[in-house]
Amino acid sequence: MTTALLTHPDGFDHATPPGHPEQVARLDAVLGALEAFDLMRIKAPLAAEADLLRVHPGSYLDALRRDLPEQGVHQLDADTWLSPGSLGAAWRGAGAAIRAVDLVLSGEATNAFCATRPPGHHAERETAMGFCLLGNVAAAAKHALDHHGLSRVAIVDFDVHHGNGTQDLVEDDPRILFCSTHEMPLYPGTGDPSDTGPHDTVVNVALRAGGGGAGLLAALEEKVFPRVVAHGPELILVSAGFDAHRADPLAGLMLETGDFAKVTARICDLAEDLCARRVVSALEGGYDLEALGACVAAHVRILEERGR
Ligand SMILES: [Zn+2]
């Protein structure tokens, strides 16, 4: 048993304008940090249309294809862009998370990390936003339920921003518990703790700028992990954003690299107790390149140790 790493060079072909924080160099930083790791390395496939149609209407996927520029970049919203290679990168991102679910549920891997870009947790049903085009983790959760026949899954999103897209894609499905810890106030402005979804399967935890790892861990222990235990998931999916790091330029939480290892270890504890150690983690944010590489290494080191 082992940890799978899913990635694809198409992730380098999603270009953003100069100075944009969600840049090609992020993937270099992540893959460089994982170079020496002993992982099951898998080329991420393109997501199948049927898997994407569980979370996005066909009209939205067609609109992305129609908006794709033949050269240069096309702006979708204030900070979300398409370049000629963007759909290949995005479809590999969703395909990675979906394939990771297959590997973990078949027992070929104990757990998995998806090193892809662009991220996915801000993409709503019919709206690309916040650097995100497709709901990678939401599509993977639906695949686990509808294709593999699981009854319950949980998503833990520790990116510093609220996972509004994932919430939009899964909150109608009571089989999915969605938990997001995020700094407030901060982009995208949603994720108030009073927003618990139509089936009370959404757990939003707001953190104040300036808070560190102890505060995040306490919030997880008090507000998130008991809900995960009560939900009884057969698989835990993780939206692994590393932009709560103190060096990150986009937010004000003050986590150290080691805090991400602690959070990962606690998620692995839960997976051990609840779901045969099955964890599928997908990269979301993280915009200081040095911190991003260090945090991904700390995160995957724990997955690797706990996946043996
Ligand atoms: Zn983020």
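The structure this text deals with has already been given above.
Basis of the calculations
Residues numbered from 1 in each chain as written. Predicted model: local features only at pLDDT ≥ 70, side-chain atom pairs only at ≥ 80, totals over all residues. Heavy atoms only, no water. Helix = DSSP H or I, 4+ residues; strand = E, 2+ residues; numbered from the N terminus. Buried < 20%, exposed > 50% of the residue type's maximum accessible area, 1.4 Å probe, protein only. Contact = heavy atoms within 4.5 Å. Polar contact = N/O pair within 3.5 Å; in protein donor to acceptor, adjacent residues only side chain to side chain. Disulfide = S-S within 2.5 Å. Phe/Tyr/Trp six-rings, centres within 6.5 Å; stacked < 30°, edge-to-face > 60°. Core = buried A, V, L, I, M, F, W, Y, C linked by side-chain atoms within 4.5 Å. Donors = N, O, S within 2.8 Å, 3.2 Å for Na, K, Ca; no water. Tetrahedral: all angles 85-135°; square planar, octahedral: opposite > 155°, others 65-115°. 1 Å grid on protein atoms, 1.4 Å probe; cavity = no way out; pocket = protein on both sides within 12 Å on 5 of 7 lines; lining within 4 Å. Points joined across faces, edges and corners; volume = space filled by probe spheres on them. Nonpolar A, V, L, I, M, F, W, Y, C, P; charged D, E, K, R; others polar.

What should I look at first to understand the environment of Glu272 in this one?
Among the structural elements, Glu272 can be located in helix H8 (residues 257-274). Note on Glu272: relative accessible area 44%, which makes it partly exposed. Separated by 34 residues in the primary sequence, Glu272 and Arg306 have C-alpha atoms spaced 8.9 Å apart. Once residues lying within four places of it in the same chain are set aside, the contact partners of Glu272 are Arg277 and Arg306. Within the structure, Glu272 has its side chain in polar contact with the side chain of Arg306 (distance 3.2 Å).

How should the state of the cysteines be read in this particular structure?
What is meant by a disulfide is a covalent connection between two cysteines, made through their sulfur atoms. Taken as a whole and assessed by the stated rule, the structure comprises zero disulfides. Distance from the sulfur of Cys179, which forms no disulfide, to the nearest cysteine sulfur (Cys275) is 13 Å. Residue classification places Cys179 among the buried positions, given a relative accessible area of 1%. The closest cysteine sulfur to the non-disulfide-bonded Cys275 is located on Cys268, 9.8 Å from its own sulfur. The buried category is assigned to Cys275, whose relative accessible area is 4%.

Hey, could you run me through the packing of aromatic side chains in this one?
The tally for this structure, following the rule as stated, stands at four aromatic pairs. Here the aromatic rings of Phe158 and Phe260 are separated by 6.0 Å at their centres, their planes lie at 50°, and the arrangement is tilted. Of this pair, Phe158 sits in the loop between strand S6 (153-157) and helix H6 (164-170) while Phe260 sits in helix H8, and the two are 102 residues apart along the sequence. We note that Phe158, like Phe260, is buried. Between Phe242 and Phe260 the ring centres are 5.2 Å apart and the planes differ by 65°, which places this aromatic pair in the edge-to-face class. Taken together, the residues Phe242 in the loop between strand S9 (236-240) and H8 and Phe260 in helix H8 connect sequence positions 18 residues apart. By relative accessible area, Phe260 is classed as buried at 1%. In textbook terms, an aromatic cluster arises when at least three aromatic residues are bridged by ring pairs, as seen for Phe158, Phe242 and Phe260.

For this particular structure, what's the right way to read the nonpolar core?
Side chains that are nonpolar tend, in soluble globular proteins, to be buried together. Counting 50 residues, the largest nonpolar core has Phe113, Val228, Ile236, Phe242, Ile267 and Val296 as its most contacted members. Put simply, the parts of the chain that give this core at least two residues each are S6, strand S7 (176-183), strand S8 (202-207), helix H7 (213-231), S9, H8, strand S10 (279-283) and helix H9 (289-307). Excluding residues that lie within four positions of it along the chain, Val296 makes contacts with Val30, Leu34, Phe113, Phe242 and Leu283.

Mind showing me how you'd approach the coordination of the zinc ion here?
The coordination sphere of the zinc ion, as far as protein atoms go, consists of Asp159 (OD), Asp159 (OD), His161 (ND1) and Asp243 (OD), spread over 2.0 to 2.7 Å. Taken together, the four donor atoms coordinating the zinc ion and their angles of 53 to 153° define a geometry best described as irregular. Mapping the donors of the zinc ion onto the primary sequence gives the spacing D-x1-H-x81-D. With a gap of 82 residues between them, His161 in the loop between S6 and H6 and Asp243 in the loop between S9 and H8 connect regions that are remote in the sequence. Classification of Asp243 by relative accessible area gives buried; the value is 0%.

Which parts of the structure should I look at to understand empty space enclosed by the protein?
Empty pockets left among the atoms are what a rolling probe the size of a water molecule brings to light. All told, the structure shown has one cavity of 30 Å³ or more when counted by the stated rule. Looking at the largest cavity, the residues that line it are Asn111, Cys268, Ala271, Glu272, Arg277 and Arg306. Of the residues forming the lining of the largest cavity, the biggest block, three residues, is contributed by H8. Grouping the constituent residues of the lining of the largest cavity by class yields two nonpolar, one polar and three charged.

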